[in-house]
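Examining the three-dimensional arrangement
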Amino acid sequence: MAATSFGQQRYFTKTGTISFKAGTAVEDVDAINNAAASIIDLSSGQVEVAVLVRGFEFRRGLMQEHFNENYMESDKFPKAVFKGQLKDFSGVNVSTNGTYHVVANGTLDMHGVKKEMAIPVVLTTSGGNLSAQADFQVQLEDFNISIPGPVKDKISPTVTIHFSGDHTSM
Amino acid sequence: MSKTTRMKKALLIIVILVVVAGGYGIYLFNMRPPDIRKKSPDYELTVDSLVSKFEKDEDATTKAMAGKVILVSGKVVGIKLQGMEPSVMLGSADPLVGVTCTFYPEEKPNLESITVGMMIRVKGKCTGKLIDVVMNNCSLASHDQ
């Protein structure tokens, strides 16, 4: 993750949270990762969020093992990265308290597949810091992640992802 | 022993085996991920050494160390106790890269006496490198007074 390629007004976090829900009515399949890295550059609108796949923690050890070995193949694809550009961000003013609804247009690179996405983001400014939250969904088949027949009733083909991060000035 | 009695005994044994196997299967299914605090480290090294390995060859180091238990020693440059999992950042000779350690929630009381500048040793599972090298499921092994 190239922290030096961004301009001024850069905000970052190394402890962002990414969680996802991939379960059905039959079973909960939830995981969380509290070490996502995120950089937001309010001068250019560039945004980059990266997470280590192995860092997702499940309640059940077997589920975590299958997630890494069978679904995400984390040995081959250790990271998931979103790189994009914020749209309509010029009004975001970190020196005042405010809430801004913007969209990040970019590419999600996960499991060896790059897919264009438009993700709604809520930016909150307070005390010179910048918080970001985003909720979006991905289709597993779009990222070549297949669900074996025996567990088709337990794993949803649509996964809901939540990101939140409190960013400080670089 | 009559044939009927033998069959009943055999059926009982089968039922017991199925129940035990099923119970063991449910136990395995519900088992939590391994507690890293109970594991011996696969590697013991300084923050500088760990960061240097990743900077020299991130792919090879990730393959070698991701998922492994590491005991790392270094200087605290940041602490974040709020949130579900507290975290501590250890600094290296490279001002842009360090080690971010996220701890088990129960470790929070042990971290309340940690201050910036302190030398500490942390055991955790390495998951790779983003901006920093990242370690999860961490616990505090020792710290300076």
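Before any of the text, the structure's been laid out above.
In short, a report on the structure. Predicted model, so just to flag it, every value in this text is computed and none were measured.

1. A word on the packing of aromatic side chains
Enumeration over the complete set of coordinates arrives at 6 aromatic pairs over all chains. Seen in terms of ring centroids, Phe58(A) and Phe67(A) are 5.0 Å apart; in terms of plane orientation they differ by 55°. Their pairing is tilted. For the pair Phe58(A) and Phe67(A), one class covers both residues: buried. Of the aromatic side chains, those joined through ring pairs into one cluster are Phe20(A), Phe56(A), Phe58(A) and Phe67(A). Over the face of the ring belonging to Tyr104(B) we find Arg37(B), whose NZ or CZ atom lies 3.9 Å from the ring centre.

2. Concerning the pairing of strand β6 (residues 133-143) of chain B
All names here are of chain B. Of all 11 residues in β6, 8 are buried, a share of seventy percent or more. Here strand β4 (residues 99-103) runs beside β6; their pairing, made up of 4 bridges, is parallel. Across the sheet, residue Cys101 finds its bridge partner in β6, namely Met135. In this antiparallel pair of consecutive strands, strand β5 (residues 119-129) and β6, the connection spans 3 residues.

About the cut-offs
- Residues numbered from 1 in each chain as written.
- Chains lettered and ligands numbered in written order.
- Predicted model: local features only at pLDDT ≥ 70, side-chain atom pairs only at ≥ 80, totals over all residues.
- Heavy atoms only, no water.
- Phe/Tyr/Trp six-rings, centres within 6.5 Å; stacked < 30°, edge-to-face > 60°.
- Buried < 20%, exposed > 50% of the residue type's maximum accessible area, 1.4 Å probe, protein only.
- Lys NZ or Arg CZ within 6 Å of the ring centre and 35° of its normal.
- Helix = DSSP H or I, 4+ residues; strand = E, 2+ residues; numbered from the N terminus.
- Pairing = 2+ DSSP bridges.

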